[in-house]
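Take a look at the letters that make up each chain.
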Amino acid sequence: AFVVTDNCVKCKYTDCVEVCPVDCFYEGPNFLVIHPDECIDCALCEPECPAEAIYSEDEVPAGQEQYIELNAELSEEWADNNITEQKDPLPDAAEWDGVADKLQYLER
Ligand code: SF4
Ligand code: F3S
């Protein structure tokens, strides 16, 4: 499956959700996740993310492996919040884009 990683936190650009053929993105307050059992590995979302936050689970950057489990866990927790249409990014997205170690800010 593909995985949403650290740089999505506090940005949430949502370009990714528009292209997913199986609508497997789920939304939290300041982050999105991909449901690993629903993702068909089409790779369409990866280049759409302006924050370059989406990776194949085999290519998740070192130190961000915990996001693999987090996508699985939060996609269940946020099961009622399927998101399929792009919306405005979070207000401070541009300032937070590229800031390291944003896991501490993830709201759930
Ligand atoms: Fe959806 Fe394809 Fe991205 Fe998986 S890889 S989340 S199926 S767009
Ligand atoms: Fe997040 Fe990128 Fe999608 S910032 S909401 S993974 S477009």
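Residues numbered from 1 in each chain as written. Chains lettered and ligands numbered in written order. Predicted model: local features only at pLDDT ≥ 70, side-chain atom pairs only at ≥ 80, totals over all residues. Heavy atoms only, no water.

A. Looking closely at the site of ligand 1. Every residue lining ligand 1 is accounted for by Phe-2, Cys-20, Pro-21, Val-22, Cys-24, Phe-25, Ile-34, Cys-39, Ile-40, Cys-42, Ala-43 and Cys-45. When grouped by side-chain class, the residues that make up the shell around ligand 1 number 12 nonpolar, no polar and no charged. (Near = heavy atom within 4 Å. Nonpolar A, V, L, I, M, F, W, Y, C, P; charged D, E, K, R; others polar.)

B. Main features of the packing of aromatic side chains. Under the definition given, this model contains two aromatic pairs. When the ring of Trp-96 is compared with that of Tyr-105, the centres are 4.9 Å apart and the planes differ by 65°; the resulting orientation is edge-to-face. Classification of Tyr-105 as partly exposed rests on a relative accessible area of 32%. (Phe/Tyr/Trp six-rings, centres within 6.5 Å; stacked < 30°, edge-to-face > 60°. Buried < 20%, exposed > 50% of the residue type's maximum accessible area, 1.4 Å probe, protein only.)

C. Just the nonpolar core, in detail. Among the nonpolar cores identified, the biggest contains 33 residues, and Phe-25, Phe-31, Ile-34 and Ile-54 are the most heavily contacted of them. Those elements that provide at least two residues to this core are β1 (2-4), α1 (15-19), β2 (25-27), β3 (32-34), α2 (66-77) and α3 (93-96). Ignoring any residue separated from it by four or fewer positions in sequence, one finds Phe-25 in contact with Val-4, Cys-16, Val-17, Cys-20, Leu-32, Val-33, Ile-34, Cys-45, Ile-54, Asn-81, Asn-82 and Ile-83. (Core = buried A, V, L, I, M, F, W, Y, C linked by side-chain atoms within 4.5 Å. Helix = DSSP H or I, 4+ residues; strand = E, 2+ residues; numbered from the N terminus. Contact = heavy atoms within 4.5 Å.)

D. Just α2, in detail. Between the first and last C-alpha of α2 there are 16 Å, a value that for 12 residues agrees with the 16 Å anticipated at 1.5 Å per step. All of the buried residues in α2 are Tyr-67, Leu-70, Asn-71, Leu-74 and Ser-75. Angularly, the buried residues of α2 cover 125° about the axis, an arc narrow enough to put them on a single face. Across α2 from its buried face, at more than 90 degrees, point the exposed residues Glu-69 and Glu-76. Of the surrounding secondary structure, the elements contacted by the buried residues of α2 are β1, β2 and β3. (Expected span 1.5 Å × (residues − 1). Arc of directions from axis to C-beta.)

E. Structural context of unusual backbone geometry. Backbone geometry places Lys-10, a non-glycine residue, at a positive phi of 70°. By secondary structure assignment, the location of Lys-10 is in the loop between β1 and α1. Positioned with a positive phi, Glu-52 is a non-glycine residue whose angle comes to about 50°. Tracing the backbone through its elements, the reader meets Glu-52 in the loop between β3 and β4 (54-56).

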